[in-house]
Amino acid sequence: MFRRWKWVLSVAVVAIAMMSMSCGNGGAQKTAQKDTVKATSSPVELNALFMKQAGYSEEDITAMTTEYTKAHPNIKVNLTFVAYEELEPKILASYSSGGYDVVLGDCIWPPKFSKAGVVLDVSNRLSSVNTQDIFKGAMDSVVYEGKYYGMPWLNDCKYLFYNKSMLQKAGFSTPPATWEELENMAKVIKAKGLVKYPIAWSWSQAEALICDYTVLSEAFGGGIIGSDGKPAITAQGNQKALDFMVRTLKEGLSNPKSTEMLEDDVLNTFVAGNAAFGLNWTYMYAAAQDPVKSKIGKDVGIAQIPGSGAIKSATVNGGMPLMITSGSKHPDEAWDYILYLSSKEVQKKYAKNALPIWKSLFDDPDVVATNPEVVQVSKIQYDYIRNRPQVPYYGELSTELQKDIQSALLGKMNSKEALETAQKVALALAGKQ
Amino acid sequence: MQLRNSEGRFALAIASPALLIVCFVVLFPLLTTFVYSFMNIELISKNRGNFVGLSNYVQVLGSSNFWLALERTLYFTILSTALETVLGLFIALLLNEKFWGVGFLRSIVIIPWAIPTIVNGSLWKWIYNGEYGIMNAIFLKLGLINEYRSWLSDPFAAMNLVVVADVWKMTPLAVIFFLAALQSVNITTYEAATVDGAGPIRRFFSLTIPYMTPTILVVLVMRTVEKFKAFDIFYMITRGGPADGTKVLIYETYLRAFTNLQYSIASTYAYLFVIIIMALTAIYLKVLKKSEENNA
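A quick note: this is a predicted structure, and the numbers were derived from the prediction, not measured.

Draft legend 1. Region of the structure containing the overall build of chain A. What chain A contains, in helices and strands, is 18 helices and 13 strands. Expressed along its principal axes, the backbone C-alpha trace of chain A runs to roughly 95 × 50 × 45 Å. Within chain A, the fraction of its 433 residues that count as buried is 54%. Sequence-distant contacts in chain A: of pairs separated by 6 or more residues, those separated by 24 or more amount to 73%. Of note, chain A has its 45 positive side-chain charges centred 4 Å away from the centre of its 45 negative side-chain charges.

Rendered as structure tokens:
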């Protein structure tokens, strides 16, 4: 009898020990949280998730946060930095328990996050912010069905990079204003033997392909989603864009290796002097001038992306908003922290690594001084930011589009068929919603 | 009897922490995934949380995506396992000979295997790079190509190149297995066969192969299951592209879960995957048992 009790007791002790180990922290946190709700002056602990690469550096974000906590002694912020690829899984795994209060996300996530209940609606909170002073493209990326789900923070978009000396040798003094002009320049550059394949793209089967396709389809007057919110992939502008891609590949104006390239490959091709034009994010400007890696150094030029016909220019949003998870126990403090990080003062102070979301700061001499050439182009380019489809089913839509566009680029389907296939799938996806 | 009982209980008591952990981190997710495959857990769906019976299975099995992905997975599995086994056997035979430097060769042969898959993927991605990859440089020097070309742009070629990258990394494992088996071969049997006039080819097919069969089967079982699960090498080199040419089952599952937030469809994929692996394992176990019986 005693033995049996001993056995039961030992299992119970182990089980209790295990439970207390796994729940110990949570329990303590819960008690602390209850207290906070009662009395806001008691300490609050916020957990925030950021990205390691691109934009503000880890040091920048840590410094911003230290400044914030100094001004708010009752708030403690724990920072976590992960690679881009880890952001989404981490958010999804922890949002319901409020593991992170503030999260940095990609600009293509707000619609699906809002629909899935991952992040909080901040429309009311945003009423105190002068959103008129924020670039429209950046604001649009956090809207879904008329409500706002985040605050734009990291600002980025694609630009046209060109090799100044190649253009000069080919007899051009300014970068192209339209895609037709760019195509002609590429033909001349190729004919003169300045470079074998004048244009480099990131057309690998990845999100990068949809970024480039968004740029082209918007410039040719298309758009993946129509004004009625329904898929419009077979629209004329989209067809023109895909035809342009296929044609330039066939003619050897676009680098045939583009179909296996990502953004870094575009950079490497460009800095090796193997491209006259390349589409890429802001980071390419500094990277292409790095004397260690770059053969072309001062020859790198940055310009706004060409347009076509009545459309002056179109680029794709690569920004990243800050959001509050739906499980956050401290949404008020989280919002306060977000407002601080995205405030004009902070964005101005740290403008060297990431340009601000605020239009008015682009005339500020301190901001201009950080990178005059880029600021000058960005100021105009940001007005032409287009977003990739702001629909909750974007993940699946993008996967399908990548496959179909690549099929057209690789000659496995003609461009019309490819777009029709994508449209069929997109309509089915939209219908499920 | 009394003693055995109390020993059993004591064993259970000291194993219980480990059992609890296994329950939490293995059994619970396994069961949840199973339940999810009968529910709608698509995060962006308005009917989230409803039981949907077998409709996820019907949807997945009725979609061409699943069958195409299965076809690619099978192609990758069969080709790479076959190559690894054949190459592994020949390298093991070579390393089983006595020649100067064999000890050094035996130790360095495991290096590719020691490299993490993710690093291996990255390495081969650079080798295949169309713009500055070493494969282009070598082929150009050898006169096999006239100019640098893109290797990963063709769906079929890309799949075969992933096979090469994987075979390069995993062949050493087969070599080690085969070498260990060869080391315990009874030399006198070979000597007797040589005296009887059997040439090297005859000796290989009549002595080595039958002797090695159990080891070959073990390698085949292990590698097939592992290949079926290969994810990281695809993630690193091709990400399922170009034009879905390398989108294997597990990559499709990953996209469904983590890009599309379709947890229920991803769970269904995962369980279909489990069923296939279980079937494969069962077949192999049967074959193994048979070969052991024959040997005995």
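Okay, back to it.
Draft legend 2. The nonpolar core, seen in detail. By size, the foremost hydrophobic cluster in this structure holds 141 residues, and its most contacted members are F50(A), W153(A), W179(A), L242(A), F277(A) and L397(A). With near-sequence residues (within four places) excluded, L242(A) lies in contact with Y213(A), I405(A), A408(A), L409(A), S415(A), A418(A) and L419(A). Within the second largest apolar cluster, 24 residues are counted, among which are I145(B), A165(B), I237(B) and Y251(B).

Draft legend 3. Expanded view of the interface of chain A and chain B. At the junction of the two partners, chain A supplies 43 residues and chain B supplies 45 residues. Counting each side, the surface lost to burial between chain A and chain B is near 3,500 Å², with a carbon and sulfur contribution of 53%. Between chain A and chain B we count 4 salt bridges in total. Between E396(A) and R256(B) there is a salt bridge, with the nearest N and O atoms lying 3.3 Å from each other. At the surface where chain A touches chain B, the tally comes to 17 residue pairs in polar contact (both at pLDDT 80 or more). Those elements giving two or more residues to the side of chain A that touches chain B turn out to be α1 (2-38), α3 (84-94), α4 (110-115), α11 (263-271) and α17 (394-409) of chain A. Here the element with the most residues in the side of chain A that touches chain B is α1(A); it accounts for 8 residues.

Draft legend 4. View of the state of the cysteines. Tallying each qualifying case throughout the model produces 0 disulfides over all chains. Free cysteine C157(A): the closest other cysteine sulfur is in C107(A), separated by 11 Å.

Draft legend 5. The sheet that holds strand β1 (residues 44-51) of chain A, seen in detail. Residues and elements named next belong to chain A. Taken in spatial order, the 5 strands line up as β2-β1-β3-β12-β6 in an open sheet, and their pairing is mixed. On the outer flanks of this sheet lie β2 (75-82) and β6 (151-154), each paired with one strand and no other. When strand polarity is set aside, the average angle formed by the axes of neighbouring strands in this sheet is 25°. On top of the sheet, helix α2 (residues 58-71) reaches β1, β2 and β6; it is set at about 170° to β2, its chief contact.

Draft legend 6. Up close: the side chain of S342(A). Residues and elements named next belong to chain A. Along the polypeptide, S342 turns up in the loop between α13 (331-341) and α14 (344-349). Looking at S342, its side chain comes within polar contact range of the main-chain oxygen of I338, at 2.7 Å. Not counting chain neighbours up to four residues away, the residues in contact with S342 comprise M151, P152, W153, Q347, I357 and W358.

Draft legend 7. Looking closely at the side chain of T65(A). In this fold, T65(A) is placed in helix α2. At a separation of 2.8 Å, a polar atom in the side chain of T65(A) contacts the side chain of Y337(A).

Draft legend 8. Fine view of the confidence of the model for chain A. For chain A, per-residue confidence averages 89 on the pLDDT scale, and residues scoring 70 or more make up 90% of the total. Counting contacts from residues 8-39 of chain A, a segment whose pLDDT is below 50, to residues more than four positions away or on other chains yields 17 contacts.

Draft legend 9. Highlighting the sheet that holds strand β10 (residues 300-303) of chain A. Residues and elements named next belong to chain A. If you trace the 4 strands from one edge of the open sheet to the other, you get β8-β9-β7-β10, paired in mixed fashion. The open sheet is flanked by β8 (199-200) and β10, the only strands paired with a single partner. Sheet analysis places strand β7 (residues 159-163) next to strand β9 (residues 277-280), joined by 4 bridges and oriented antiparallel. What sits directly across from Y159, in β9, is N280. Together, β7, β8, β9 and β10 form the strand contacts of α11, whose direction differs from that of β9 by roughly 150°. Contacts from helix α16 (residues 372-381) reach β7 and β10, with the element oriented near 25° to β10.

Draft legend 10. Layout of helix α8 (residues 179-191) of chain A. All names here are of chain A. Between its first and last C-alpha, α8 extends 18 Å over 13 residues, near the 18 Å set by a 1.5 Å rise per residue. Along α8, the positions that sit buried rather than exposed are W179, L182, E183, M185, A186 and I189. Seen along its axis, α8 keeps its buried residues to an arc of 165°; they face one direction. Looking at the buried residues of α8, the elements they touch are β7, α7 (164-169), β8, α9 (207-219), α10 (236-250) and β9.

Draft legend 11. A look at unusual backbone geometry. Residue and element names in this part refer to chain B. Following G241, the chain continues to P242 via a peptide bond in cis, the omega torsion being -10°. When you line up the elements, P242 lands in the loop between α11 (232-237) and α12 (249-258). In this structure, D244 takes a positive phi of about 65° despite not being glycine. A positive phi angle is found at L261, which is not glycine, with a value near 60°. Following the sequence through the fold, L261 ends up in the loop between α12 and α13 (263-295).

Calculation rules
Here, residues in each chain are numbered from 1, in the same order as that chain's written sequence. Chain letters and ligand numbers both follow the written order, the letters beginning at A and the numbers at 1. It should be noted that, the model being predicted, local features are given only for residues of pLDDT at least 70 and side-chain atom pairs only at 80 or more, the latter also being counted only at that level, while totals for whole chains, interfaces and linings use all residues. Heavy atoms throughout the structure, all of them, feed into the side-chain values; hydrogens and water do not. The helix count covers DSSP runs of H or I at least four residues long, the strand count covers runs of E at least two residues long, and both are numbered beginning at the N terminus. Throughout this description, buried means an accessible area under 20% of the type-specific maximum (1.4 Å probe, protein chains only), exposed means over 50%, and partly exposed covers the range between. In this description, contact between two residues means that some pair of their heavy atoms is separated by no more than 4.5 Å. Positive: Lys, Arg. Negative: Asp, Glu. His and the chain ends are not part of the count. For the purpose of locating charges, the reference atoms are NZ of Lys, CZ of Arg, CG of Asp and CD of Glu. Buried residues of nine kinds, namely Ala, Val, Leu, Ile, Met, Phe, Trp, Tyr and Cys, make up a nonpolar core once their side-chain atoms join them within 4.5 Å. By definition, the buried area sums, over both parts, the 1.4 Å-probe accessible area that each loses when the two are put together. The term salt bridge refers to a pairing of a side-chain nitrogen on Lys or Arg with a carboxyl oxygen on Asp or Glu at a separation within 4 Å. As used in this structure description, the phrase polar contact means that two N or O atoms lie within 3.5 Å; if the pair is within protein, one of them must be able to donate a hydrogen and the other to accept it, and residues adjacent in sequence are counted only when both atoms belong to side chains. Cysteine sulfur pairs qualify as disulfides if the two atoms are within 2.5 Å. In this scheme, strands are said to pair when DSSP sees at least two bridges between them. As a rule, the C-alpha atoms of each element are fitted with a line to give its axis, helices using only the stretch in contact, and angles between N-to-C directions run from 0 to 180 degrees. Scored from 0 to 100, pLDDT reflects the predictor's confidence in each residue. Expected span of a helix: the number of residues minus one, times 1.5 Å. Starting at the helix axis, one direction is taken to each C-beta atom, and the arc is that of these directions.

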